[in-house]
Amino acid sequence: MSTDVVSISYQTLVSSPSSLETSIEEAFGSHPQALGIILVKDLPPVYPIYRERLLKLAYNFAHLDEDIREKYTDPGSIYSYGWSHGKEIMNGRPDTLKGSYYANPVVDVPDVNPAVKAEHRAFYGDNVWPDKNETSIEGFEEAFKNLGRFVFDVGCQLAGACQPFVSKYLSDASLSLPELISTSQTTKARLLYYFPPSENNTITEDEPIDSWCGFHKDNSLLTGLCSAIFLREEAGMEPTAVPSPSPTSGLYIRTRGGDLTKVAIPPDCLAFQTGEALELVTAGKLRATPHCVRVGQTQGGAKISRETFALFMQPDTHQRISESDTFGSFSKKVLEEHYEEARVM
């Protein structure tokens, strides 16, 4: 099943955010057709430049020698900063289908109490950046921050536009969604590289829907998403951007009513999705929607990878988001589900 995603204009978001309440309710509301996602179109012309630059660097980073990639891991943060591959548990097993590079594009070194930092290293760690002269990924830090801060700024604008709608459902009426996001030091971006299906792993039409990334919910308030690119690897040549390798490849979301829907994000748009922290601060009235990524069939054995970028906008760890949990205690439980290292910390 495929359906149209609610879209709003960036110009309207900036100049007349109060006029968007109907669109926001259609996208994020509790009715059965709600996908929990909204598109922002008509973005400033710098956006596609930032997007293409960083997503191609994701490909380059993933093709560095393994010993170089491993220099930029951070086990102490439960692999929540720097490079991570095969550490996350998805569908009950280590996820080797994708590699990720994590960083906070807004704050390099969080300014928090040392005890809080030690307790929540996954959220208050220091960024890990590749050496500036690392071959083939020169400018990685700058590109990551440029795209991450752009998405963050648009997300803050959207959070402000959402406040009149969200405030109707907040358990604590004093909370401000834009303030929780804009003042937080836990913002986290994830640059993703989905490895091409291996030659020994033939993809068929009846492959699982969540073959590239298992069904999950984000634990953020809002998540910003870029449209993915697909790159075909050719020996001895620069990768070539190609269309999606299959009409079934891409992002799938379950609506609030339970229908599975394939969602396409146009290359010149940003998408923003509701996360589980927003579900909790509204006592379940605005629910996060489960989503996954499907590989789809690749013709002729072509080696085609998928690159994308997500920004998780979330509150600080001390923020209470339900009667029983702060964001820190809730996130610890989520980490324990997906990382063996979190279970022993």
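Residues numbered from 1 in each chain as written. Predicted model: local features only at pLDDT ≥ 70, side-chain atom pairs only at ≥ 80, totals over all residues. Heavy atoms only, no water.

Peer 1: Just to check I follow, could you spell out the overall build of the protein for this structure?
Peer 2: When you go through the protein residue by residue, the secondary structure sums to 10 helices and 16 strands. Its C-alpha atoms give the protein a radius of gyration of 19 Å, near enough to 20 Å, the size a compact globule of 345 residues would have. Dimensions of the protein, computed from C-alpha atoms along their principal axes, come out at roughly 60 × 45 × 40 Å. Residues counted as buried form 54% of the 345 residues belonging to the protein. Carbon and sulfur atoms form 50% of the exposed surface of the protein, whose accessible area is close to 15,100 Å². With 31 positive and 46 negative side-chain charges, the protein shows a separation of 2 Å between the mean positions of the two kinds. (Helix = DSSP H or I, 4+ residues; strand = E, 2+ residues; numbered from the N terminus. Rg over C-alpha atoms; globule rule 2.2 N^0.38 Å. Buried < 20%, exposed > 50% of the residue type's maximum accessible area, 1.4 Å probe, protein only. Areas by Shrake-Rupley, 256 points an atom, 1.4 Å probe, with all protein chains shown as cover. Lys, Arg positive; Asp, Glu negative; His and termini not counted. Charge placed at Lys NZ, Arg CZ, Asp CG, Glu CD.)

Peer 1: What exactly am I supposed to notice about unusual backbone geometry here?
Peer 2: Most peptide bonds are trans, and most residues other than glycine sit at a negative phi. A positive phi angle, close to 60°, is found at Asp42, a residue other than glycine. Mapped onto the fold, Asp42 is located in the loop between strand 2 (37-41) and helix 3 (46-62).

Peer 1: Just to check I follow, could you spell out the pattern of salt bridges for this structure?
Peer 2: Opposite charge on two side chains allows them to pair when their charged atoms are near. Counting across every chain of the model gives 15 salt bridges. Taking the shortest distance from any N to any O, the salt bridge between Glu141 and Lys132 comes out at 3.3 Å. Classification of Glu141 by relative accessible area gives buried; the value is 19%. Classification of Lys132 as exposed rests on a relative accessible area of 66%. (Salt bridge = Lys/Arg side-chain N within 4 Å of Asp/Glu carboxyl O.)

Peer 1: Help me out: how do you make sense of the nonpolar core in this one?
Peer 2: Soluble globular proteins tend to bury their nonpolar side chains together. Of all hydrophobic cores here, the largest spans 72 residues; its most connected members are Tyr101, Phe144 and Phe309. Leaving out residues up to four positions away in the same chain, Phe144 has contacts with Leu54, Tyr101, Tyr102, Ala103, Pro105, Trp129, Ala189, Leu191 and Phe309. Formed by 12 residues, the second largest nonpolar core is a distinct cluster that contains Leu35, Ile37, Leu39 and Phe312. (Core = buried A, V, L, I, M, F, W, Y, C linked by side-chain atoms within 4.5 Å. Contact = heavy atoms within 4.5 Å.)

Peer 1: Please clarify how empty space enclosed by the protein should be interpreted in this entry.
Peer 2: By rolling a water-sized probe across the atoms, one finds the places where empty space is left. Scanning all chains against the criterion turns up 2 cavities of 30 Å³ or more. Of the volumes computed, that of the largest cavity is approximately 50 Å³. Taken together, Ser84, His85, Gly86, Lys87, Glu88, Asp95, Lys98, Ser100, Tyr102 and Arg190 make up the full set of residues lining the largest cavity. If you list the elements that add at least two residues to the lining of the largest cavity, you get strand 3 (82-85) and strand 6 (98-103). Considering only residue class, the lining of the largest cavity consists of 1 nonpolar, 4 polar and 5 charged. Of the pockets and cavities examined, the second largest cavity occupies roughly 40 Å³. As for the second largest cavity, its lining consists of Ala58, Phe61, Trp83, Tyr101, Leu191 and Tyr193. Counting residues per element, the ones that place at least two in the lining of the second largest cavity are helix 3 and strand 7 (188-194). Among the residues making up the lining of the second largest cavity, the classes are represented as 6 nonpolar, no polar and no charged. (1 Å grid on protein atoms, 1.4 Å probe; cavity = no way out; pocket = protein on both sides within 12 Å on 5 of 7 lines; lining within 4 Å. Points joined across faces, edges and corners; volume = space filled by probe spheres on them. Nonpolar A, V, L, I, M, F, W, Y, C, P; charged D, E, K, R; others polar.)

Peer 1: Even after reading the chapter, I still don't get the environment of Asp153, so can you show me in this structure?
Peer 2: On the secondary structure map, Asp153 appears in helix 7 (residues 140-166). Its relative accessible area of 47% is what places Asp153 among the partly exposed residues. Sequence separation between Asp153 and His338 is 185 residues; the distance between their C-alpha atoms is 29 Å.

Peer 1: Looking at this structure, I do not really get the pairing of strand 16 (residues 304-313). What am I missing?
Peer 2: As a general feature of sheets, a regular strand has side chains that alternate between the two faces. Of all 10 residues making up strand 16, 10 are buried, and the element is well covered by its neighbours. Along strand 16, one buried face is formed by Ile304, Arg306, Thr308, Ala310 and Phe312 and the opposite face, lined by Ser305, Glu307, Phe309, Leu311 and Met313, is buried too. Relative to strand 16, strand 9 (residues 222-226) runs antiparallel, the two being bridged by 4 bridges. Within the sheet, the bridge partner assigned to Gly224 lies in strand 16 and is Leu311. In this sheet, strand 16 lies alongside strand 10 (residues 229-232) in antiparallel orientation, the contact comprising 4 bridges. Opposite Leu231, over in strand 16, you have Ser305 as the bridge partner. (Pairing = 2+ DSSP bridges.)

Peer 1: In this structure, what is going on with the packing of helix 3 against helix 7? I would like to understand it.
Peer 2: How two helices sit against one another is set out by the angle between their axes and by the gap between those axes. Contact pair helix 3 / helix 7: the axes reach a minimum separation of 9 Å and the direction vectors enclose 135°. Our classification of the angle between helix 3 and helix 7 gives oblique. Viewed along their axes, helix 3 and helix 7 form a crossing whose handedness is left-handed. Residues Val46, Tyr47, Tyr50, Arg51, Arg53, Leu54, Leu57 and Phe61 of helix 3 form the contact with helix 7, whose participating residues are Phe140, Ala143, Phe144, Asn146, Leu147 and Phe150. Partitioning the contact of helix 3 with helix 7 into residue classes produces 11 nonpolar, 1 polar and 2 charged. (Axes fitted to C-alpha atoms, helices over the stretch in contact; angles between N-to-C directions. Parallel < 35°, antiparallel > 145°, perpendicular 65-115°, else oblique. Left-handed = near helix turned anticlockwise from the far one by under 90°.)

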